[in-house]
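# Residue-level structural notes
Listed below are the residues making up each chain.
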Amino acid sequence: MIIALDGSSVDGSAYTGVVNLARHSPVWLDDAVSAWSTYGLALFAVLMAVGWWHARRVGATASVTALAVPFVVVVAFGVDAVLKLLVREDRPCQSLRVTTLEACPAPGDWSFPSNHAAIAAAAAVALLFVSRRLGALAVVAACAMAVSRVWVGAHYPHDVLAGVVVGALVSQLVMSALRGRAEAAALRLAATRLRPLLVVS
């Protein structure tokens, strides 16, 4: 079923307020937020790699958990993408007459939920299963990513909130389900050529 949500009726005024604030903010701030909005997801990939690297020193089970993180993020992204196709909410820059920092996507590039927010939240929650320290850093980064997507004009506030909920919920469910199977998977994989991925020789 296709919903065709009109996001402007949900929190259009809040969105307009944020976008107008961005327009009157210092150029350096807008540039920094825009750069983070565009390239910030790379940080989560780095955190995943760091988490795996340290997990190898802990043991095979910890490594399997760390290696599962990117796959869990892909699952969360898939769920988010399906929701986009079902809801089909136009981007706010298409529905409202505002000037945004980020170029307005073409029609058909749906807004709800936010992919960036879902990916960031999924990575953050999954990383909490690997390392509390890395996970905490990722949580802060995920919040910054969600805010930045509204700041540059790409999403309504409810888009990023929904993206965070979707990403965090999917990640929590999948990582919790994998936790009980990580040890068995580690034992099997440690007996194969993949052993160097799991432990430090």
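As the structure is a prediction and not an experimental result, all values here were calculated from the model.

The next point concerns the packing of aromatic side chains. Inspection of every chain in the model, using the stated rule, returns two aromatic pairs. Pairing tryptophan 52 with tryptophan 53 gives two aromatic rings, centres 5.8 Å apart and planes at 70°, and the pair type is edge-to-face. Between arginine 56 and the ring centre of tryptophan 53, over which it is positioned, the NZ or CZ distance is 4.9 Å.

Under the criterion given, the structure shown has two salt bridges. The partner of arginine 91 in a salt bridge is aspartate 109, with the nearest N and O atoms 2.9 Å apart. Here aspartate 109 lies in the loop between α5 (92–95) and α6 (115–128) and arginine 91 lies in the loop between α4 (60–87) and α5, a separation of 18 residues in the sequence.

Along the chain, the position of aspartate 11 falls in helix α1 (residues 8–23). We classify aspartate 11 as buried; its relative accessible area is 13%. A sequence separation of 146 residues divides aspartate 11 from proline 157, and the C-alpha atoms of the two residues are 6.9 Å apart. Excluding residues within four positions of it along the chain, aspartate 11 makes contact with Tyr156, Pro157 and His158.

Taken over all residues, the pLDDT of the protein chain has a mean of 86, while the share at 70 or more is 86%. Across the protein chain, element-level confidence peaks in α6 with a mean pLDDT of 96 and bottoms out in helix α10 (residues 195–198) with 60.

What counts and how
Residues numbered from 1 in each chain as written. Predicted model: local features only at pLDDT ≥ 70, side-chain atom pairs only at ≥ 80, totals over all residues. Heavy atoms only, no water. Phe/Tyr/Trp six-rings, centres within 6.5 Å; stacked < 30°, edge-to-face > 60°. Lys NZ or Arg CZ within 6 Å of the ring centre and 35° of its normal. Salt bridge = Lys/Arg side-chain N within 4 Å of Asp/Glu carboxyl O. Helix = DSSP H or I, 4+ residues; strand = E, 2+ residues; numbered from the N terminus. Buried < 20%, exposed > 50% of the residue type's maximum accessible area, 1.4 Å probe, protein only. Contact = heavy atoms within 4.5 Å. pLDDT = per-residue confidence, 0-100.

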